[in-house]
Amino acid sequence: MYQWLNGLLHLIFPRVCPCCNQYLPRGQQVVCLPCERQLPFTDYHRHPSDNPFVDRFWGRLPLQAGSAMLHFGKGGRTQRLIHCIKYEGRRELALELGRWHGHMLREAVAFASAEVVVPVPLHPRKELQRGFNQSSWYGRGLGESLEVPVLEDGLVRARHTVSQTQKSRLERFQNVADAFEPGRADALAGKHVLLVDDVLTTGATLEACGLQLLTQKGVRLSLATLAIAEMA
Ligand SMILES: [Zn+2]
């Protein structure tokens, strides 16, 4: 019944590839094959504790493992995917990409030992505007593939932070450093926590969140993002 309904829906509303807008053949998930072949995968999960993602946190945050699924480049396919999620409201795309990355991470013992996924929280005002938190949907996909629960309120916003884009690196850091606090001490203690966000840039937000999680007793920390941007 479900398959029949799915087939009918596909006929009425054919799915398109979020990267190139070509129709997706039935059964083809997420992006079309030509785009999939050209997606800039990082393959960082093959070296989960020694890669450019982990290096970016060197001396700032002790990590078990870290990985981004894709490289982020202006005008590229990754940017298109993120645009679809954030500005076209494609939350299911964040979920599907999370599942996909989760399948890769399962191959690495360092990630497979994660016990709980915690998404970087969006400010409630922004979540209300957008209607959803993209990191949380991406985290749900990761949690499904890694077969671990997602703790939506593992971290909470301590106060509002103004837009990050106009600020220097130092200003950004000072702005976010005390913006988060642990929400669920009971559910975090003693766990290997996988903290997730959509894009890694300076790492200021992930660092602030990670430091808060590490204040909880016995927490070990790993990070995963959908994309990693080059530093200017
Ligand atoms: Zn495509």
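Values in this document were obtained by computation on a predicted structure and should not be read as measured data. (Residues numbered from 1 in each chain as written. Predicted model: local features only at pLDDT ≥ 70, side-chain atom pairs only at ≥ 80, totals over all residues. Heavy atoms only, no water.)

## Description of the coordination of the zinc ion
- In the first shell of the zinc ion, the protein supplies Cys17 (SG), Cys20 (SG), Cys32 (SG) and Cys35 (SG), at 2.3 Å from the metal.
- Along the chain, the residues donating to the zinc ion fall in the pattern C-x2-C-x11-C-x2-C. (Donors = N, O, S within 2.8 Å, 3.2 Å for Na, K, Ca; no water.)

## Describing the pairing of strand E5 (residues 192-200)
- Of all the nine residues making up E5, nine are buried; the element is thus mostly covered by neighbouring parts of the structure.
- Of the strand pairs in this sheet, strand E2 (residues 116-119) and E5 are connected by four bridges, and their pairing is parallel. Of the residues in E5, the one forming a bridge with valine 117 is leucine 194.
- What joins E5 to strand E6 (residues 220-229) is helix H11 (residues 204-214), and the crossover it makes is right-handed. (Buried < 20%, exposed > 50% of the residue type's maximum accessible area, 1.4 Å probe, protein only. Helix = DSSP H or I, 4+ residues; strand = E, 2+ residues; numbered from the N terminus. Pairing = 2+ DSSP bridges. Right-handed = clockwise from strand over helix to strand, strands pointing away.)

## Quick notes on the sheet that holds E2
- In spatial order, the strands read E1-E6-E5-E2; together these four strands make up an open sheet with parallel pairing. Looking at strand neighbours, the two that pair on one side only are strand E1 (65-72) and E2, the edges of this open sheet. Direction aside, neighbouring strands of the sheet carry axes that sit 20° apart on average.
- Examined bridge by bridge, E1 and E6 share seven bridges and lie parallel to one another. Directly across from alanine 65, in E6, lies its bridge partner serine 222.
- Helix-sheet contacts for helix H8 (residues 134-146) involve E2, E5 and E6, and the interaxial angle to E5 is about 135°. (Axes fitted to C-alpha atoms, helices over the stretch in contact; angles between N-to-C directions. Contact = heavy atoms within 4.5 Å.)

## Looking at the packing of aromatic side chains
- This model, assessed by the stated rule, comprises two aromatic pairs.
- Taking the centre distance of 5.5 Å and the plane angle of 65° together, the rings of phenylalanine 41 and tryptophan 100 count as edge-to-face. A residue pair is termed long-range when its members are at least 10 positions apart, and phenylalanine 41 in the loop between helix H2 (33-38) and helix H3 (52-55) and tryptophan 100 in helix H5 (residues 91-105) qualify at 59 residues.
- Among the residues examined, phenylalanine 41 registers a relative accessible area of 24% and is labelled partly exposed.
- On the numbers, 5.8 Å between centres and 40° between planes, the contact of phenylalanine 53 with phenylalanine 57 is tilted.
- Here arginine 140 stacks its cationic end above the ring of tryptophan 137, 4.4 Å away from the centre of that ring. (Phe/Tyr/Trp six-rings, centres within 6.5 Å; stacked < 30°, edge-to-face > 60°. Lys NZ or Arg CZ within 6 Å of the ring centre and 35° of its normal.)

## Looking at the packing of helix H4 (residues 77-87) against H5
- Contact geometry of H4 with H5 gives a least axis separation of 7 Å together with a crossing angle of 130°. With respect to H5, the axis of H4 lies oblique. Judged by residue contacts, Leu81, Cys84 and Ile85 of H4 engage Leu93, Ala94 and Leu97 from H5.
- Considered class by class, the residues forming the contact of H4 with H5 number six nonpolar, no polar and no charged. (Parallel < 35°, antiparallel > 145°, perpendicular 65-115°, else oblique. Nonpolar A, V, L, I, M, F, W, Y, C, P; charged D, E, K, R; others polar.)

## Quick notes on the packing of H5 against H8
- The N-to-C vectors of H5 and H8 enclose an angle of 40°; their axes lie 6 Å apart at closest approach. As summarised for this structure, H5 and H8 are arranged oblique, according to the angle between their axes. Viewed along their axes, H5 and H8 form a crossing whose handedness is right-handed. On H8, the residues that touch Arg91, Ala94, Leu95, Leu97, Gly98, Arg99, His101, Gly102, His103 and Leu105 of H5 are Gln134, Trp137, Tyr138, Arg140, Gly141, Leu142, Glu144, Ser145 and Leu146.
- Looking at the contact of H5 with H8 residue by residue, the class counts come to eight nonpolar, seven polar and four charged. (Left-handed = near helix turned anticlockwise from the far one by under 90°.)

Everything listed here is a matter of geometry and, on its own, says nothing about what the molecule does.
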